[in-house]
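Inside the fold
Each chain, written out:
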Amino acid sequence: MAQEKKKNGFASAIGFILAAAGSAVGLGNLWAFPYKVSANGGAAFVLVYIASILLIGLIAMIAEILLGKRSQANTVTAFKKIHPKIGWIGVAMIAIPFLITCYYSVLGGWTLRYAVNSFATGDNANALSFSSFTSNAFKPVLFTFLFLALTAIIIKSGVKSGIEKASKVLMPTLFLILVAITIFCLCLGEGVTKGLNYYLNPNFAELGFDGVLAAMSQAFYSLSLGMGIMVCYGSYTGNQMNLGKSAVMISVFDTIIALLCGLAIFSALGALDPDSLTKAQGPSLLFVILPKIFQEMGGIGTIVSFLFFAMVAIAALTSVISLVEVSAQFAIQKFKLNRIKATLTVCLVCFLLSIPVTWSVGGAFDGAISVFGFDLLTFLDEMTNTVLMPLGAMGSCIAMGWLLDKKITANPMKTLETLREEGLSLGKLEKVYVVMLKYVTPLIIFFMDIMGIITKIRVNPSYWWIIGASLFLIGLAVAVYFLFLKNTETGTNADEQIDNAKEQE
Ligand code: PHE
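The present account deals with the structure reproduced in this document. (Residues numbered from 1 in each chain as written. Predicted model: local features only at pLDDT ≥ 70, side-chain atom pairs only at ≥ 80, totals over all residues. Heavy atoms only, no water.)

Structural notes on a nonpolar patch on the surface
A cluster of nonpolar side chains, contributed by Ile398, Trp402, Leu403, Val435, Tyr439 and Leu443, occupies part of the molecular surface with about 520 Å² of accessible area. Mapped onto the nonpolar patch, the elements with two or more residues apiece are helix H18 (376-403) and helix H20 (429-459). Within the element layout of this structure, valine 435 appears in helix H20. Residue valine 435 is classed as partly exposed on the basis of its relative accessible area of 42%. (Patch = residues over 30% accessible without salt bridge, like charges linked within 9 Å, V, L, I, M, F, W, Y side chains within 5 Å. Areas by Shrake-Rupley, 256 points an atom, 1.4 Å probe, with all protein chains shown as cover. Salt bridge = Lys/Arg side-chain N within 4 Å of Asp/Glu carboxyl O. Helix = DSSP H or I, 4+ residues; strand = E, 2+ residues; numbered from the N terminus. Buried < 20%, exposed > 50% of the residue type's maximum accessible area, 1.4 Å probe, protein only.)

Quick word on the site of the ligand
Close to the ligand lie 14 residues; Ala24, Gly28, Tyr104, Tyr221 and Met227 are nearest. Residue alanine 24 places a main-chain N or O atom 2.9 Å away from a nitrogen atom belonging to the ligand. Between the ligand and serine 222, the relevant distance is 3.1 Å, taken from a nitrogen atom to a main-chain nitrogen or oxygen of the residue. Look at the ligand: alone it shows 320 Å² of surface, and the protein chains cover 100% of it. Only helix H2 (13-24), helix H3 (27-39), helix H11 (204-222) and helix H15 (299-335) provide two or more residues apiece to the shell around the ligand. A total of 3 residues in the shell around the ligand trace back to one element, the largest contributor, which is H3. Classifying every residue of the shell around the ligand gives 7 nonpolar, 7 polar and no charged. (Near = heavy atom within 4 Å. Polar contact = N/O pair within 3.5 Å; in protein donor to acceptor, adjacent residues only side chain to side chain. Nonpolar A, V, L, I, M, F, W, Y, C, P; charged D, E, K, R; others polar.)

Looking at the nonpolar core
Membership of the largest hydrophobic core comes to 166 residues, with the highest contact counts inside it found for Phe16, Ile65, Tyr103, Tyr104, Tyr233, Leu269 and Phe308. Considering every element that reaches this core, the biggest residue donor is helix H6 (residues 87-116), with 18 residues. Here isoleucine 65 is in contact with Phe16, Met230, Gly234, Met241, Leu243, Ala247 and Ile250, once residues within four sequence places are set aside. (Core = buried A, V, L, I, M, F, W, Y, C linked by side-chain atoms within 4.5 Å. Contact = heavy atoms within 4.5 Å.)

Structural notes on the side chain of serine 105
Mapped onto the elements of the fold, serine 105 is located in helix H6. With residues near it in sequence (within four places) discarded, serine 105 still touches Thr144, Phe147, Leu148 and Val320.

As for helix H10 (residues 191-200)
All buried positions along H10 are accounted for by Gly191, Val192, Gly195 and Tyr199. End-on view of H10: buried residues confined to an arc of 110°, all on one side of the axis. Contacts made by the buried residues of H10 are with H3, helix H9 (159-186) and helix H13 (243-272). (Arc of directions from axis to C-beta.)

Regarding the packing of aromatic side chains
For the coordinates displayed, the defined rule picks out 30 aromatic pairs. When the centroid spacing of 5.1 Å and the interplanar angle of 50° are considered together, the rings of tyrosine 114 and phenylalanine 309 count as tilted. Separated by 195 residues along the polypeptide, tyrosine 114 in helix H6 and phenylalanine 309 in helix H15 bring together distant segments of the chain. Of the two residues, tyrosine 114 and phenylalanine 309, neither departs from the other in class, the shared state being buried. In textbook terms, an aromatic cluster arises when at least three aromatic residues are bridged by ring pairs, as seen for Trp31, Trp110, Tyr114, Phe130, Phe287, Phe294, Phe308 and Phe309. (Phe/Tyr/Trp six-rings, centres within 6.5 Å; stacked < 30°, edge-to-face > 60°.)

Any functional reading would require information beyond the geometric quantities listed.
So, in structure tokens, the structure goes:
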């Protein structure tokens, strides 16, 4: 019997790359990146962003994928294998994507609704209906449900037949749509240059320290680092994959998509509504300003709107798939659930938790649902994005750079040898990689995180609550780990192999 076939994992390196790129490419690229660029000094921001990808993003990504690949297990077991005392980092890293799912799928639901609703007219048209849609107590919940249902359908089929297969179709589709929309928008006429100037004109004075911090944290978020995703996907890869090449391809793809989307959005704004250039920020960019622009395009705008929001929904879907898979993988391996049960449980719990988030961010019930003055989406987003993810990425670098012991590789502390075995030959850069991994990257992240947090607290002292909640979550992860997980089996990918085999009989 072909034993290999039953192994749960990616069938090909390209499958892994597309799935990981699917996780990386999301609302962060198609929405946040363009307006952050325009607000923070254009090309100056892009330069810092690219430097962040090279100096911290790639280093942390390689470390996380390597950790997964070597451990062939869920995130908790992976960290436990490095050292039994640090398994709690893995627990925290499962909690982060779980929390993100609860708000990201709400936004995913919105994009789905905007795609479906592209053909509507009158008061119900996308351009007019943002607040009536989001403040409705039922509709956004329904679309969040649909979005998570799509996620569940893909994940329940497994890594190879679900996640990999879907990514192989969805990611090229997304790319083609984006290229088509970008070309279309670049040809919209005179104002295009004005828009592009606004988007990219390098302005170092405008960048400032805040802009540098924003570029760095955007790099993390965009590459889906610091929350177990790359560990999880990495664990499903085998020897067929060249780790370094894959990490570079994922990062390049992610950056190209972000840049292209900015080109498309800002040329359209410049050509059709130059006044809105300065207002292109936050949720209104995607859900108010762009729909208006699509409307101004006339008949073809309906199609462009549909394609655009379908593309954003695809990007969000492949990201949520990766978020949910981290928890599903753990549930399957620790509690010996089959994949269908694990997927349904995780998606259902996330759905239930996302309901108050939906109401909170849309202002249903007169905005009664909020925590410490923040809507729940902002609260969760800030907790994960500003505090927990950078800490997670720092944890990965420190764990892989300093704490690797004999359990995971025969060469204690020698990350270099491990990397060479993974097909990552860096030549003279090898020493540089280790110095980066052990010292430079964690220090930059630490510094960036502290500065970012201080800035936020200065602007809004309620931010302490977000920090408190994040530290509480970490404390909870430590407690859960030492009380329940440290001395018990937490499973490996092999556990699912057996389950699959049983199911197929
Ligand atoms: N990387 C995704 C984006 O750019 C966001 C994301 C974060 C996805 C965390 C999964 C996990 O939007």
